[in-house]
Structures are given as structure tokens and as C-alpha cells.
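This is what each chain is made of:
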Amino acid sequence: MIEPLLEYSHVDISYNGVAVVHDVSFSVMPGEIVCIVGESGSGKSTLIKAAMGQLGANGCVTRGDIWYGGSSIPDMPARNLRLLCGSDFAFVFQDCLAALAPIRRIGDQIYESMLAHRSINRPECDKLAMDMFSSLGLDDPERVLASYPFNLSGGMGQRVGIAIALLSEPRILFADEPTSALDVIVQAQVIELLGEINEKLGTTILLVTHNMGVVRAIADHVLVLKDGEMVEFGSVDRVLDNPTEAYTRDLLAAAPKLERLEG
Ligand SMILES: Nc1ncnc2c1ncn2[C@@H]1O[C@H](COP(=O)(O)OP(=O)(O)OP(=O)(O)O)[C@@H](O)[C@H]1O
Ligand SMILES: [Mg+2]
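Residues numbered from 1 in each chain as written. Chains lettered and ligands numbered in written order. Predicted model: local features only at pLDDT ≥ 70, side-chain atom pairs only at ≥ 80, totals over all residues. Heavy atoms only, no water.

**Concerning the packing of helix H7 (residues 154-167) against helix H8 (residues 184-201)**
Note the following rule: Helix axes are fitted to C-alpha atoms over the stretch in contact, other axes to C-alpha atoms as well, and angles between N-to-C directions run from 0 to 180 degrees. Only runs of H or I of at least four residues qualify as helices and only runs of E of at least two qualify as strands under DSSP, and these elements are numbered from the N terminus. To sort the angles, those under 35 degrees are grouped as roughly parallel, those over 145 as roughly antiparallel, those from 65 to 115 as roughly perpendicular, and the leftovers as oblique. Should the near helix be turned anticlockwise from the far one by less than a right angle, the crossing is termed left-handed; should it be turned clockwise, right-handed. Two residues form a contact once any of their heavy atoms are found within 4.5 Å. Charged means Asp, Glu, Lys or Arg here, nonpolar means Ala, Val, Leu, Ile, Met, Phe, Trp, Tyr, Cys or Pro, and polar covers whatever is left, Gly included.
Axis separation between H7 and H8 bottoms out at 10 Å; the angle between their running directions is 20 degrees. As far as their axial angle goes, H8 and H7 are roughly parallel. Every pair of crossing elements has a handedness; the one defined by H7 and H8 is right-handed. Of H8, the residues touching H7 (which contributes Gly 155, Gln 158, Arg 159, Ile 162 and Leu 166) are Val 186, Gln 189, Val 190, Leu 193, Leu 194, Ile 197 and Leu 201. Considering only residue class, the contact of H7 with H8 consists of eight nonpolar, three polar and one charged.

**A closer look at the layout of surface pockets**
Which entries qualify depends on this criterion: A 1.4 Å probe that fits into a set of points on a 1 Å grid over the protein atoms alone but cannot get out defines a cavity; an open set with protein on both sides within 12 Å along at least five of seven lines defines a pocket, and lining residues are those with an atom within 4 Å of a point. Grid points are joined across faces, edges and corners, and a volume is the space filled by probe spheres set on the points. Per the annotation, domain bounds derive from an automatic or database assignment of domains.
In this model, the largest pocket occupies a volume close to 1,000 Å³. Contributing elements (two or more residues each) for the lining of the largest pocket: helix H1 (44-51), strand S4 (59-68), helix H2 (78-87), strand S6 (89-92), helix H3 (96-99), helix H4 (106-117) and H7. For the lining of the largest pocket, a count of residues per class yields 23 nonpolar, ten polar and three charged. Mapped onto the domain boundaries, the lining of the largest pocket takes at least three residues apiece from domain 1 (1-88 + 175-263) and domain 2 (96-169).

**Some points on the nonpolar core**
The condition is simple: We define the nonpolar core as a collection of buried residues of types Ala, Val, Leu, Ile, Met, Phe, Trp, Tyr and Cys that are connected through side-chain atoms lying within 4.5 Å of one another. For the exposure calls, accessible area comes from a 1.4 Å probe over protein chains only, and a residue counts as buried if that area is under 20% of its type's maximum, exposed if over 50%, partly exposed in between.
The biggest cluster of nonpolar side chains holds 51 residues, and the ones touching the most others in it are Ile 110, Phe 133, Ile 162, Leu 194, Leu 207 and Val 215. When residues of this core are assigned to domains, at least three map to each of domain 1 (1-88 + 175-263) and domain 2 (96-169). Sequence-distant contacts of Leu 194, defined by excluding residues within four places in its chain, comprise Ile 33, Ile 162, Leu 173, Pro 178, Ile 205, Leu 207 and Ile 218. Core analysis: the next-biggest nonpolar cluster, separate from the first, contains 32 residues, Tyr 8, Val 34, Tyr 68 and Met 76 among them.

Here is the structure:
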């Protein structure tokens, strides 16, 4: 039997002692794309931050477990979790450019982050980065490497962010609304790209999105959250075509369409 790669089991999460996520359980199988949807404040970011130990000083998993490779992430010593985040997990932000240092060239920042995980020399690193840029549709990889974050458009920035995440060859890519700062066309391209990465590299992806069109286009399973509680979890066809809960039907009714990606 295939084991889940990541498993949330009856997870409660609090900030400053106030519970914001209640009894959430779902699994992510290897090679899958799982989307988390729900209105603002429903706990989507909190759930993925918990898996990466990024809840901050006032956040805490107060009950339940998040299982990865036989270990409970909330019980893991900080050092082990840091190692895991450098090797097995990677994160794509809503605004990748803002997460980079503004006054250092992209190539320098990539080299620094690669050195933190493995021994590599600069020419090797540049070659890997440029190959990754090319495969992610960045036309002039040499120029991207020599650029500062402010030289890049939002769409290029998200591709650079995804490239940096993938260069560490993660088993799980956590993406928190990676397209919400982009215009609709570039959004569709970045989503298409995530689908390709999943197919070609087998990278498991846990994706937070507001957009049910995105879910329809690329997800295998979907978790619907409301006020920190699980509304439903199931295969994308089941949840989108036969939602059992009124809340899911409301979300679907309000969904923008990503027609380009369908069919
Ligand atoms: N660092 C924090 N300290 C205190 N409360 C927080 C913190 N981060 C999030 N919260 C609260 O936890 C709840 C869930 O927030 P979270 O950011 O996970 O929601 P979300 O679904 O990602 O929302 P959005 O769609 O707006 O990004 C909200 O009530 C939020 O106010
Ligand atoms: Mg969020």
C-alpha cells in the first residue's frame, strides 16, 4: 500500500492561545497536487506554515500531528526541522521578489542558498540555475542571473521564486497563493508550470489558492476550509462536481473561471 507523504491528523493550531484551526485531518499522497481553498482567514496559510515549522513564536500546534516520513513535525527538534525544510520541503511565496534581498543580484542569492544545502562551486550553481530558468520559460537566463529583484516583472519574479524552490529538489513544494499578485494571463502560465513540474519531476505540491478554476485545472484532491474547520476533503472531481456541503457550493458559485487551462 502506498503511504501518504504528508498526513495531518486531528490538527488544532492556536496563536497566543486562541484556536484558529480545529481538528483538521487530510493526507497528501506522493506525487499529488492537493489544493487548500477557503475564504480569507480560514487557516490556509496557517496549515502549511505548521508543516514547515513557520508558525512563529506565538503559533503552536496544540493537538494532533503532522506526519512526515514516520516523524511528527510538531514534535521535531527545531534543528531537524530546519534540515528538513532545506532538503525535502520548499516554499513559494505570494510575492517571491519581495522575499529576496532587494539589493543583491539573483545569481548571488541563489548561490548563497545553494551553499547552505550542499557543496557546489559558482559555475556549477550558475549552470543549474540557468537550466532551471530555461525550463521554466525564462528566455534570457544569463540576464536573469545578473538581475536585481527590481529588474524583474511580477511574472518573472514568480518563476525565479519557483526556480529557487526547485533547485533544492524538494519532495514537497508548498505554494501559498503563488499567483495572486499576478495578472490573469501570467497566473494561468504559472499554474500551468506547476502542473508541468508535478508531471515531469514528480514533485508533490500543496497549493493554497482562492481560485476554484485553479483547483479544477491542476488538483488531484482538495481541502475546503471555513473558519479553521474542514468543510470537506476529497478528489477534485467529487468535491467540485458533487459538493456535499453548501459552503463548497457557494465557493464554486463565486469562482472565476480559468478556461484557458481546461480541456
Ligand atoms: N501570526 C499570527 N498571530 C495571530 N493570529 C494569526 C497569525 N497568523 C494568522 N492569524 C490568524 O489565524 C487565522 C487564520 O489565518 P491564516 O493566515 O491562516 O488565513 P488564510 O486562510 O491564509 O487567509 P488569507 O486568505 O487571507 O491568506 C486568522 O484568524 C488570522 O487572523
Ligand atoms: Mg493566507
